[in-house]
Amino acid sequence: QVQLVESGGGLVQAGGSLRLSCAASDRTFSSYSMGWFRQAPGKEREFVAAISWSGATTYYADSVKGRFTISRDNAKNTVYLQMNSLKPEDTAVYYCAARTGGATVSTRRYDNWGQGTQVTVSS
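The rules behind the values
Residues numbered from 1 in each chain as written. Predicted model: local features only at pLDDT ≥ 70, side-chain atom pairs only at ≥ 80, totals over all residues. Heavy atoms only, no water. Phe/Tyr/Trp six-rings, centres within 6.5 Å; stacked < 30°, edge-to-face > 60°. Helix = DSSP H or I, 4+ residues; strand = E, 2+ residues; numbered from the N terminus. Buried < 20%, exposed > 50% of the residue type's maximum accessible area, 1.4 Å probe, protein only. Lys NZ or Arg CZ within 6 Å of the ring centre and 35° of its normal. Disulfide = S-S within 2.5 Å. Contact = heavy atoms within 4.5 Å.

Caption draft 1: Summary view of the packing of aromatic side chains. Taken as a whole and assessed by the stated rule, the structure comprises four aromatic pairs. Taking the centre distance of 5.2 Å and the plane angle of 75° together, the rings of Phe37 and Tyr110 count as edge-to-face. Of this pair, Phe37 sits in strand 4 (residues 33-39) while Tyr110 is found in the loop between strand 9 (92-99) and strand 10 (112-113), placing the two residues 73 residues apart along the sequence. A relative accessible area of 0% places Phe37 in the buried class. Judged by relative accessible area, which is 4%, Tyr110 ranks as buried. Where Phe37 meets Trp113, the ring centres are 5.0 Å apart and the plane angle is 55°; that geometry is what we call tilted. Residue Phe37 is found in strand 4, and its partner Trp113 is found in strand 10; the two are separated by 76 residues along the sequence. In this structure Trp113 comes out as partly exposed when scored by relative accessible area, which is 26%. A connected cluster of aromatic rings, assembled from ring pairs, spans Phe37, Phe47, Tyr110 and Trp113. Over the aromatic face of Tyr95 sits the side chain of Arg45, whose NZ or CZ is 3.8 Å from the ring centroid.

Caption draft 2: Structural context of the state of the cysteines. All told, the structure shown has one disulfide when counted by the stated rule. Cys22 shares a disulfide with Cys96; S-S distance 1.9 Å. Since a negative S-S torsion denotes a left-handed disulfide, the Cys22-Cys96 link at about 45° is right-handed. Separated by 74 residues along the polypeptide, Cys22 in strand 3 (residues 18-24) and Cys96 in strand 9 bring together distant segments of the chain. Each member of the pair, Cys22 together with Cys96, is buried.

Caption draft 3: Region of the structure containing the environment of Val119. Following the sequence through the fold, Val119 ends up in strand 11 (residues 117-122). Under the relative-accessibility criterion, Val119 is labelled buried at 0%. When neighbours within four sequence positions are excluded, Val119 is seen to be in contact with Gly9, Gly10, Leu18, Leu20, Met83, Asp90, Thr91, Ala92 and Tyr94.

In structure tokens form, the structure reads like this:
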């Protein structure tokens, strides 16, 4: 079981940027595919972005494509989510997740989850 800790959330004005980080405890981090998900109040948790173990393959939700970038540094056991041109509708708790299989957009296929970090975008 890999432990995941997110950081980097906060309050930002619309049009601004934030970079989220997710640090993993497991030395075999490089074997995990990683994903970012978010959940707004009263809504289901939704997929944001995912990256394969090597970083060669990435997936994005249509709503963030062109604005968000997922990346990873296996030497630091960390995955990142660079968020630019933020909109009020991006406001949510952001979670990172890990799985030992291939990268996927499906929430239920991830076995390990962090506690989340709040992102609030003001208009």
